Amino acid sequence: MSDIDVLSVTNPPPYLLEKLNAAFRMHQRLHETDPAAFEQVAPKIRAIAASGESKVSAELIARLPALQVISVMGVGYDGIDVAAAKARGVKVTHTPDVLNDDVADLAIALMLAVARQVVRSDRFVRAGDWPQGPLALGRKVSGGRIGIVGMGRIGQAIARRAAAFGMQIAYTARSAKPELPLTYYPSAATLAAQSDFLVVITPGGAATRKLIDADVLNALGKDGYLINVARGSVVDQSALVAALQAGTIAGAGLDVFEAEPEVPKELREMENVVLTSHIGSATTQTRRAMADLTFDNLEAHFAGKPLLTPVPECR
Ligand code: NAP
């Protein structure tokens, strides 16, 4: 495979880069760093290596006439123009399942951190404020009502964890899952009205843009918490800031933002918000498994074998 040209549109982690460099002729973000050199190489590029946050536009795909496969290291692929890829017969792969545990763990961590004031109390102790009196009381999580927006691979992993906390679990998705012993609501707003914690874990992209809007936040109410581990685009961020400022909801735990890595100053200054830097799958163990799957999909493709994990549109 060493004569196969692969364009990386991201900076792969060292472990993956090493594997890619050993197997393929790699061109690291050449389209951005050296457009003239890219012009020379573009007709030979047969694969793209991307991350879950990468953008692969119809325009870029059109400039790569020999492109056959796009391998995404991540389960979300909303930055890839899959319709344009499909129209050209280009396959797209991603890395589902191997990150379910980590993302579900983080959703629970954010819920506990914001409701039990873990981060706020840490700041309180470090600032030397404890001797002046105790922190205000937090909110109990165990036994509470969790509403999960998106009941796919990761949503189900979150539900399993919530069950261990004795929570009442309900969800919304595009369709009900009668096989799951959980309550289904047909919309995010009706689910939010019955939830203490609303956890968002749908894909990003046009279909879910601002799914969590001012109406949903109103329905969640002044004692409710929003947890977003999906994509920043799924939540109307201005409406969220307004709801937090007005006390329309009680707090939020956020791993993803509208214009990452930029996070609005208003959110950064709020005490009832816990912020993480899109670290849902960011453990050594999971990132290694994701890297292996990203590589194995490319290897399978060029060995003429079936792809391991094509995105649903390419199955
Ligand atoms: P999945 O198995 O495809 O599940 C997606 C769920 O979202 C499904 O239940 C689906 O409904 C539901 N859904 C899709 N469109 C919807 C809509 N318009 N309204 C309501 N529900 C909708 O995906 P997954 O593996 O669980 O991953 C979910 C997403 O998590 C990824 O796409 C990615 O964006 C995000 N993610 C974030 C991180 C992070 O670092 N924070 C890491 C990994 C993944 P149906 O079941 O009815 O089809």
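Before going into details, it helps to say that this report is about the structure given with it. (Residues numbered from 1 in each chain as written. Predicted model: local features only at pLDDT ≥ 70, side-chain atom pairs only at ≥ 80, totals over all residues. Heavy atoms only, no water.)

**Thoughts on the site of the ligand**
Residues in close proximity to the ligand total 28 residues, the closest being Met 151, Arg 153, Arg 174, Ser 175 and Lys 177. Take Asp 255: an N or O atom from its side chain is 2.9 Å from a nitrogen atom of the ligand. Gly 280 is positioned with one of its backbone polar atoms (N or O) 3.2 Å from an oxygen atom of the ligand. Taken by itself the ligand offers 940 Å² of open surface, and the protein chains cover 87% of this. Taken together, the residues of the shell around the ligand sort by class into 13 nonpolar, 10 polar and five charged. (Near = heavy atom within 4 Å. Polar contact = N/O pair within 3.5 Å; in protein donor to acceptor, adjacent residues only side chain to side chain. Areas by Shrake-Rupley, 256 points an atom, 1.4 Å probe, with all protein chains shown as cover. Nonpolar A, V, L, I, M, F, W, Y, C, P; charged D, E, K, R; others polar.)

**Considering the sheet that holds strand S11 (residues 251–254)**
The strands making up a sheet are joined through hydrogen bonds of the backbone, oriented either antiparallel or parallel. With parallel pairing, seven strands are arranged side by side in an open sheet as S8-S7-S6-S9-S10-S11-S12. On the outer flanks of this sheet lie strand S8 (183–184) and strand S12 (273–275), each paired with one strand and no other. Across three bridges, the pairing between S11 and S12 is parallel. Bridging across to S12, Gly 253 finds its partner in Val 274. Lying over the sheet, helix H6 (residues 100–115) contacts strand S6 (145–149), strand S9 (197–200), strand S10 (225–228), S11 and S12, oriented at roughly 150° with respect to S10. (Pairing = 2+ DSSP bridges. Helix = DSSP H or I, 4+ residues; strand = E, 2+ residues; numbered from the N terminus. Contact = heavy atoms within 4.5 Å. Axes fitted to C-alpha atoms, helices over the stretch in contact; angles between N-to-C directions.)

**As for unusual backbone geometry**
The bulk of non-glycine residues show a negative phi, and the bulk of peptide bonds are trans. Residues Glu 260 and Pro 261 are joined by a peptide bond in cis, for which omega reads 5°. You will see that Arg 29, though not glycine, has its phi angle at about 45°, which is positive. Mapped onto the elements of the fold, Arg 29 is located in the loop between strand S2 (25–28) and helix H2 (30–33). Of note, Asp 97 is a non-glycine position whose phi angle comes to about 70°, a positive value. Positionally, Asp 97 belongs in the loop between strand S5 (91–93) and H6. Overall, the relative accessible area of 45% leaves Asp 97 in the partly exposed class. (Buried < 20%, exposed > 50% of the residue type's maximum accessible area, 1.4 Å probe, protein only.)

**Details of the environment of Thr 10**
Relative to the helices and strands, Thr 10 is located in the loop between strand S1 (5–8) and helix H1 (14–23). Counting along the chain gives 39 residues from Thr 10 to Ala 49, while the straight-line C-alpha distance between them is 7.3 Å. Once residues within four sequence positions are removed from consideration, Thr 10 is found in contact with Gln 28, Arg 29, Ala 49, Ala 50, Ser 51 and Ser 54.

**Comments concerning the sheet that holds strand S4 (residues 69–73)**
As summarised here, the arrangement of the five strands in space is S2-S1-S3-S4-S5, forming an open sheet in which the pairing is parallel. If you trace the sheet from one side to the other, it starts and ends with S2 and S5, each paired once. For this sheet, the mean inter-axis angle between neighbouring strands, taken without regard to orientation, is 20°. Relative to S4, helix H13 (residues 284–302) is tilted by about 170°, and along the sheet it contacts strand S3 (45–51), S4 and S5.

**Regarding the packing of aromatic side chains**
Evaluated as defined, the whole model comprises four aromatic pairs. Considering the side-chain rings of Phe 24 and Phe 295, the 6.1 Å spacing of their centres and the 55° angle between planes classify their relative orientation as tilted. Residue Phe 24 is located in the loop between H1 and S2, and its partner Phe 295 is located in helix H13; the two are separated by 271 residues in the primary sequence. Per residue, the accessibility class of Phe 24 equals that of Phe 295, and both read buried. Each member of the aromatic cluster is reached from another via a ring pair, and the members are Phe 24, Phe 295 and Phe 302. In this structure, Arg 288 packs its charged tip against the face of Tyr 15, placed 3.9 Å from the ring centre. (Phe/Tyr/Trp six-rings, centres within 6.5 Å; stacked < 30°, edge-to-face > 60°. Lys NZ or Arg CZ within 6 Å of the ring centre and 35° of its normal.)

Function cannot be inferred from these measures alone, as they are strictly geometric.
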